[in-house]
Amino acid sequence: MSIPIQRWLQERRDGVEQTPENIQAFVNAVVREEITSAQSAAWLAFVLTRGMTAKETLALTEAMTQSGTSLSWPGISGPFVDKHSTGGVGDKVSLALAPLWASLGFRVPMLSGRGLGITGGTLDKLESIPGYRTSVASEDLQRILADVGCFIVGQTEDIAPADRILYALRNETGTVPSIPLITASILSKKLVEGLDRLVLDVKYGTGAFMKTKKDAQNLADSLVAVGAGAGVETTAQLTPMIQPLGEAVGNALEVEEAVACLQGEGPQDFRDLVVALSGEGARAEAALDSGRAFEKWVAMVEAQGGQLCAPRKGGGCSEWVLESTADGTLSSCDAGLLGQAAFDLGAGRSRAGERVHFGVGLRVHAKVGDAVCVGQPLVTLVHDQKGLERAQELARSAFTFAS
Ligand code: URA
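Residues numbered from 1 in each chain as written. Predicted model: local features only at pLDDT ≥ 70, side-chain atom pairs only at ≥ 80, totals over all residues. Heavy atoms only, no water.

1. What to know about the site of the ligand
The line we're drawing: Throughout, the term near means that a residue has one or more heavy atoms lying within 4 Å of the molecule or strand in question. Accessible areas in this description were obtained via Shrake-Rupley with a 1.4 Å probe; residue shielding takes into account the shown protein chains only. Secondary structure elements are taken from DSSP: a helix is a run of H or I of four residues or more, a strand is a run of E of two residues or more, and numbering for both begins at the N terminus. Residues are sorted three ways: Asp, Glu, Lys and Arg are charged, Ala, Val, Leu, Ile, Met, Phe, Trp, Tyr, Cys and Pro are nonpolar, and all the rest, Gly among them, are polar.
In the vicinity of the ligand, the contacting residues are Tyr167, Arg170, Ile182, Ser185, Ile186, Lys189 and Phe209. Compared with its free state, where it exposes 240 Å², the ligand has 82% of that area covered by protein. Secondary structure elements with two or more residues in the shell around the ligand: α8 (161-173) and α9 (179-191). The biggest single contributor to the shell around the ligand is α9, with 4 residues. Across the shell around the ligand, the residue classes tally to 4 nonpolar, 1 polar and 2 charged.

2. A few points about the nonpolar core
We apply this condition: As used in this record, nonpolar core signifies buried Ala, Val, Leu, Ile, Met, Phe, Trp, Tyr and Cys residues forming a set joined through side-chain atoms within 4.5 Å. Between buried and exposed lies partly exposed: a residue is buried under 20% and exposed over 50% of the maximum accessible area for its type, with that area taken using a 1.4 Å probe on protein chains only. The split of the chain into domains comes from an automatic or database domain assignment. Contacts are assigned to residue pairs with any non-hydrogen atoms lying within 4.5 Å of each other.
If you look at the biggest cluster of nonpolar residues, it comprises 96 residues, and the most contacted ones within it are Leu100, Trp297, Leu362, Leu381 and Phe399. Per element, the largest residue contribution to this core is 8 residues, and it comes from helix α5 (residues 93-103). Here this core spans two domains, and each of domain 1 (81-157 + 170-182 + 189-303) and domain 2 (318-402) adds at least three residues to it. Contacts of Leu381, omitting those with residues within four sequence positions, involve Ser318, Glu319, Trp320, Leu345, Gly361, Leu362, Leu388, Ala391, Gln392 and Ala395. Formed by 25 residues, the second largest nonpolar core is a distinct cluster that contains Val30, Met52, Leu60 and Leu169.

3. Some details on the sheet that holds strand β10 (residues 371-372)
Filter applied, for reference: Strand pairing is assigned whenever DSSP identifies at least 2 bridges connecting the two strands. Whenever a helix is involved, its axis is fitted only over the stretch in contact; in every case the axis is a line through C-alpha atoms, and angles between N-to-C directions fall within 0 to 180 degrees.
The strand order across the open sheet formed by 3 strands is β10-β8-β12, and the pairing between neighbours is antiparallel. The open sheet terminates on both sides in strands that have one partner only, identified here as β10 and β12 (399-402). The pairing of strand β8 (residues 328-333) with β12 spans 4 bridges and is antiparallel. Along β12, the bridge assignment pairs Cys333 with Phe399. Along the sheet, helix α16 (residues 388-398) contacts β8 and β12; its crossing angle with β12, the most-contacted strand, is approximately 25 degrees.

4. Describing the domain arrangement of the chain
As a reminder, the rule being used: In this description, buried area is defined as the sum, over both parts, of the accessible area (probe of 1.4 Å) that is lost when the two are combined. Any Lys or Arg side-chain nitrogen located within 4 Å of an Asp or Glu carboxyl oxygen qualifies as a salt bridge.
Segmenting the chain into domains produces domain 1 (81-157 + 170-182 + 189-303) and domain 2 (318-402). Just the C-alpha atoms count here: the centres of domain 1 and domain 2 sit 23 Å apart. The interface of domain 1 with domain 2 comprises 27 residues on the first partner and 27 residues on the second. Together, the buried faces of domain 1 and domain 2 total about 1,900 Å²; carbon and sulfur atoms form 56% of this surface. It is Ile118, Gln243 and Leu253 that lose the most area in domain 1 upon contact with domain 2, and together they represent 26% of the buried surface on that side. Linking domain 1 with domain 2 are 2 salt bridges. Between Arg349 and Asp124 there is a salt bridge, with its nearest N and O atoms 2.9 Å apart. Counting residues per element, the ones that place at least two in the side of domain 1 that touches domain 2 are β6 (248-249) and α11 (251-262). Of all the elements, α11 adds the most residues to the side of domain 1 that touches domain 2, at 3 residues. Residue composition of the side of domain 1 that touches domain 2, grouped by class: 11 nonpolar, 11 polar and 5 charged.

5. Things to note about the packing of α5 against helix α12 (residues 268-278)
Keep this limit in mind: Working definition: roughly parallel below 35 degrees, roughly antiparallel above 145 degrees, roughly perpendicular at 65 to 115 degrees, and oblique for all remaining angles. Two helices cross in a left-handed way if the nearer one is turned anticlockwise from the farther one by less than a right angle. They cross in a right-handed way if the turn is clockwise.
At a closest axis distance of 10 Å, the pairing of α5 and α12 adopts a crossing angle of 50 degrees. Considered as vectors, α5 and α12 are oriented oblique to each other. In the packing of α5 onto α12, the handedness of the crossing is right-handed. Residues Val93, Ala96, Leu97, Leu100 and Trp101 of α5 form the contact with α12, whose participating residues are Phe270, Leu273, Val274, Leu277 and Ser278. Its residues assigned to classes, the contact of α5 with α12 comprises 9 nonpolar, 1 polar and no charged.

Okay, here's the thing in structure tokens:
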């Protein structure tokens, strides 16, 4: 069945809102390949330039969510919660937050993705643990959620297939930066999880997808409105990404830092963000300090086949330390440049399907506002020679000082 895309776009130009039925028909046609790529691309370009109303964005999100399988948790009591971050340099929050929430009695059915760009995604980080399975049979997911309280696995092919098709087309046609399209893309993959509550961490700055606070606020507003419209209690926090989160950037290095946090240690800025996103304040602090959150981490990783006592993948790397050549106050520690340095060392991927190097990355030793003196270590690059020279250059240019 072909759909009258040209007529719909003309009606929209004339000020008529697209109906949920038409939007649903468009999404169905995309998934069933009943529409040409040229027509879909025209529709996407139209949305990029003209935008969508809140009602249209909700209809698109719901149609994309329903384009594939949804998960349900019969016999397991909630509340079911999850978080999504728009991604940043050194952002390993999911690794700590899922077990933390589980230790507080929440159920966390976390579907996550691989990274594309400067560093790996949550799944890449977890796969640095030998044996960790990111693909788990659905009966086992039910059991892990009931027994442990959380899991972190990958999205399967049958989760929101409309997003996979449309995202590839958006990439090809330069239509990624549209707030309604981003909203529907992010939420369609979260609403399948059967959640009661969703927490969003929308980052802005040099190391983030959204470069300005204003754009991040617009995205956050759209995500919160559509999430709530779909019946999930949705909150968003805006977080600056001008310097890396915590100290570690890189897959295995970030796992180490998340484990430290779960044991009540590690960098304060990372811990503060984990606690803030949990929404549980003093209860969350106590679960981190008492080891209860760490127990859930161990249980989750073991339930997914991970061997925590085995050495992380990607070991045997060398280290190079950048020292300060000035006395003064650190005025910038550019997350974008340091993320690019980690990428050049091999921590990220430029194309879907590419392998990441689990061991490489960097550790940042100073935060913006710190007083530093000549000879003080600023950053350690963990490398296997590949990309080292370029990463050194990037690291040198990432730090500036005020005297
Ligand atoms: N992340 C997503 O999942 N989708 C987008 O469109 C942008 C970021």
